[in-house]
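Listed below, chain by chain, are the residues.
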Amino acid sequence: PNATGAWMHEFGAWYFDLARRWDGTFPHQGPPEMQEDSYGKDWDCTGGYLLAYAMPLKKLCLTGKRKSSIPQLDVATAQSLLDDGRGWSNKDRNSAYDKLSAEQLVARLSSWSPVVRERAAMALGRRQDNVIAQLIGLLDGPDLYTRYGACQAIKMQRQRGGVAVPALLKTSHADDLWLRILAAEALAGIGQPAKAAVPEMLTRRTKSDPKNDPRNMEQRYLSFALFEGRGGLIGKSLDGVDRKLLGDAVRAGLRNQDGRARGSYASVYNNLSFEEIKPLLPAVYQAIIEPAPSGEMFADEIRIEGLRVLAKHRVKEGIGACVKYTRDQNPWDSQDRTPKLMEILLSYGAHAKSTIPELTRIADYFEKDEKDFPRNLMLQKAKCVRETIRAIEASTDY
């Protein structure tokens, strides 16, 4: 009650009144800008507003009648939540924190709020104060939030944080999962001076803990820290990386349940020769035909990059996999994805002629039978597939 009350007093009450239309409904407002919000006509927010209005009646049991396992916030703490957000906006993200002293910023690294810790860490990264020794000392402190904040701050020190690599490696063996993840992110933020940590990070990539980390979230974040094209420790170059450790890590990572985590391995595909990637091709193929069960919005990247690898090296299994993915792909954004898939298939030349009957069925499906997809985009996809069919029919390239 104190948290919702503080928020309504600060912002909500007048906004709720002004947001109500003449007929009592509440439309989606969208951002305050001249361009019309694309969701304005589709999203009816009346239910959400009415639930907020109904809360003081205390007759809603959406989460059950039992008391929360988390203690309710008192008035002072609720007000502190609002105070923590003051001085920050999308148009001015830095000035409020840049006015604070280094001591004040370091103190904020101990906040329970990850937002406050991150903003303080970023502000420390923007200035030249030499705080590395102090941050390393915080890594061994008794307070978990402080250790989180120290990792975040060292990450923002970039190469200046090179001296913290041994301490971060030690922290990466902590009992707390999120602390281990933040230590890995800090190593990635340091960049080149942290390359010595790569072998151990690759080894940790292959580990799993079904009981305490059933969805392999540590593996997920290590994938980003190591392989992201922008910011990953070995995302741009695999020079000097042990190929055995790399192969084991890639095979494990391509089975991660998160589509975005799998997508980070595209950098590996692009940085290996055929002889180096050849032992990984079964895993590459498997990641194409078996999509990640979550992170669907990002799941297409590694599948398309895998198909490109198979096509580049003339692996015949890529032909059928490309056609199957064209038919079974997530409809979202498929009007942009389909031309990429057809380009990959066409690179097989005359070898793809056996797929023409199935491609014809797919073109007919896109044109006539696809459900809940804009008609103009259905025709656009069908046209792309038919053009590919004609190009394959005319191809003499083997």
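Let me sum up the structure you'll find in this document. Only a predicted model underlies this, so the values are computations on that prediction, with no experimental measurement involved.

1. Re the overall build of the chain
Then, in step 1: Of the regular secondary structure elements, the chain holds 22 helices and zero strands.
Then, in step 2: Its C-alpha atoms give the chain principal-axis dimensions of roughly 75 × 65 × 45 Å.
Then, in step 3: When the 398 residues of the chain are sorted by exposure, 42% land in the buried category.
Then, in step 4: Taking as baseline every contact in the chain between residues at least 6 positions apart, the subset at least 24 positions apart corresponds to 64%.
Then, in step 5: When the accessible surface of the chain is summed, it comes to about 22,800 Å², and 54% of that surface belongs to carbon and sulfur atoms.
Then, in step 6: If you average the places of the 57 positive and of the 51 negative side-chain charges in the chain, the two averages end up 2 Å apart.

2. Overview of the packing of aromatic side chains
Then, in step 1: All told, the structure shown has eleven aromatic pairs when counted by the stated rule.
Then, in step 2: Geometrically, the ring pair formed by F227 and Y265 is tilted, given 4.8 Å between the ring centres and 40° between the ring planes. With F227 in helix α12 (residues 217–227) and Y265 in the loop between α14 (259–263) and α15 (266–270), this residue pair connects regions lying 38 residues apart in the sequence. When sorted by exposure, F227 lands in the same class as Y265, which is buried.
Then, in step 3: Here the guanidinium or amino end of R108 rests over the ring plane of Y97, the centre of that ring lying 5.1 Å away.

3. What to know about the side chain of Q335
Then, in step 1: Topologically, Q335 is positioned in helix α20 (residues 334–346).
Then, in step 2: When sequence neighbours within four positions are dropped, the list of residues in contact with Q335 reads F373, L377, Q380 and K381.

4. Considering the nonpolar core
Then, in step 1: Membership of the largest hydrophobic core comes to 91 residues, with the highest contact counts inside it found for L168, L187, M201 and L345.
Then, in step 2: Sorting elements by how many residues they give to this core places helix α10 (residues 177–190) first, with eight residues.
Then, in step 3: Not counting residues up to four positions away in its chain, the partners in contact with L345 are I319, C322, V323, A352, T355, L359 and I392.

5. Structural notes on unusual backbone geometry
Then, in step 1: Phi is positive for K58, which is not a glycine, with a value near 55°.
Then, in step 2: Within the secondary structure, K58 is located in the loop between α2 (46–54) and α3 (75–85).

6. Re the environment of D328
Then, in step 1: If you trace the backbone, D328 turns up in helix α19 (residues 317–328).
Then, in step 2: Sequence-wise, D328 and T46 are 282 residues apart; in three dimensions their C-alpha atoms are separated by 36 Å.
Then, in step 3: A polar atom in the side chain of D328 sits 2.9 Å from the side chain of K324.

7. What about the packing of α10 against α12?
Then, in step 1: Relative to each other, α10 and α12 sit at 5°, their axes nearing to 9 Å. With respect to each other, α10 and α12 are oriented roughly parallel. Across from L177, W178, R180, I181, A184, E185 and A188 in α10, the residues of α12 making contact are M217, E218, Y221, L222 and A225.

8. A short note on the pattern of salt bridges
Then, in step 1: Summed over the entire model, instances satisfying the criterion amount to 20 salt bridges.
Then, in step 2: Residue R180 is joined to E218 by a salt bridge in which the shortest nitrogen-to-oxygen separation is 3.1 Å. Highlighted residues: R180 in helix α10 and E218 in helix α12, separated in sequence by 38 residues. Like E218, R180 is buried.

9. Description of the state of the cysteines
Then, in step 1: In the structure shown here, the tally under the stated rule is zero disulfides.
Then, in step 2: As a non-bridged cysteine, C384 has C322 as the owner of its nearest cysteine sulfur, 11 Å distant.
Then, in step 3: Assessed through its relative accessible area of 15%, C384 is described here as buried.

10. What about the packing of α19 against α20?
Then, in step 1: Contact geometry of α19 with α20 gives a least axis separation of 10 Å together with a crossing angle of 160°. Judged by the angle between their axes, α19 and α20 are roughly antiparallel. The two elements α19 and α20 cross, and the hand of that crossing is left-handed. Each of I319, C322, V323, Y325 and T326 in α19 lies in contact with α20, whose residues at this interface are R337, L341, M342, I344 and L345.
Then, in step 2: In the contact of α19 with α20, the residues fall into eight nonpolar, one polar and one charged.

11. Some details on the side chain of R119
Then, in step 1: Its location among the elements puts R119 in helix α6 (residues 114–126).
Then, in step 2: No salt bridge is formed by the buried R119. Its closest oppositely charged neighbour is E118, at 6.4 Å.
Then, in step 3: In this structure, R119 is in contact with D84, G85, W88 and Y97, ignoring residues within four places of it in sequence.

12. A few points about α20
Three or four residues apart is the spacing at which side chains of an α-helix point the same way, because the helix has 3.6 residues per turn.
Then, in step 1: Taking 1.5 Å as the rise per residue, α20 with 13 residues should run 18 Å; its terminal C-alpha atoms sit 18 Å apart, in good agreement.
Then, in step 2: By the burial criterion, the buried members of α20 are S334, Q335, R337, T338, L341, M342, I344 and L345. With its buried residues spanning 170° around the axis, α20 presents them on a single face.
Then, in step 3: Buried residues in α20 make contact with α18 (300–312), α19, α21 (356–369) and α22 (375–394).

Criteria and cut-off values
- Residues numbered from 1 in each chain as written.
- Predicted model: local features only at pLDDT ≥ 70, side-chain atom pairs only at ≥ 80, totals over all residues.
- Heavy atoms only, no water.
- Helix = DSSP H or I, 4+ residues; strand = E, 2+ residues; numbered from the N terminus.
- Buried < 20%, exposed > 50% of the residue type's maximum accessible area, 1.4 Å probe, protein only.
- Contact = heavy atoms within 4.5 Å.
- Areas by Shrake-Rupley, 256 points an atom, 1.4 Å probe, with all protein chains shown as cover.
- Lys, Arg positive; Asp, Glu negative; His and termini not counted.
- Charge placed at Lys NZ, Arg CZ, Asp CG, Glu CD.
- Phe/Tyr/Trp six-rings, centres within 6.5 Å; stacked < 30°, edge-to-face > 60°.
- Lys NZ or Arg CZ within 6 Å of the ring centre and 35° of its normal.
- Core = buried A, V, L, I, M, F, W, Y, C linked by side-chain atoms within 4.5 Å.
- Polar contact = N/O pair within 3.5 Å; in protein donor to acceptor, adjacent residues only side chain to side chain.
- Axes fitted to C-alpha atoms, helices over the stretch in contact; angles between N-to-C directions.
- Parallel < 35°, antiparallel > 145°, perpendicular 65-115°, else oblique.
- Salt bridge = Lys/Arg side-chain N within 4 Å of Asp/Glu carboxyl O.
- Disulfide = S-S within 2.5 Å.
- Left-handed = near helix turned anticlockwise from the far one by under 90°.
- Nonpolar A, V, L, I, M, F, W, Y, C, P; charged D, E, K, R; others polar.
- Expected span 1.5 Å × (residues − 1).
- Arc of directions from axis to C-beta.

What is shown is where atoms sit, not what they do.
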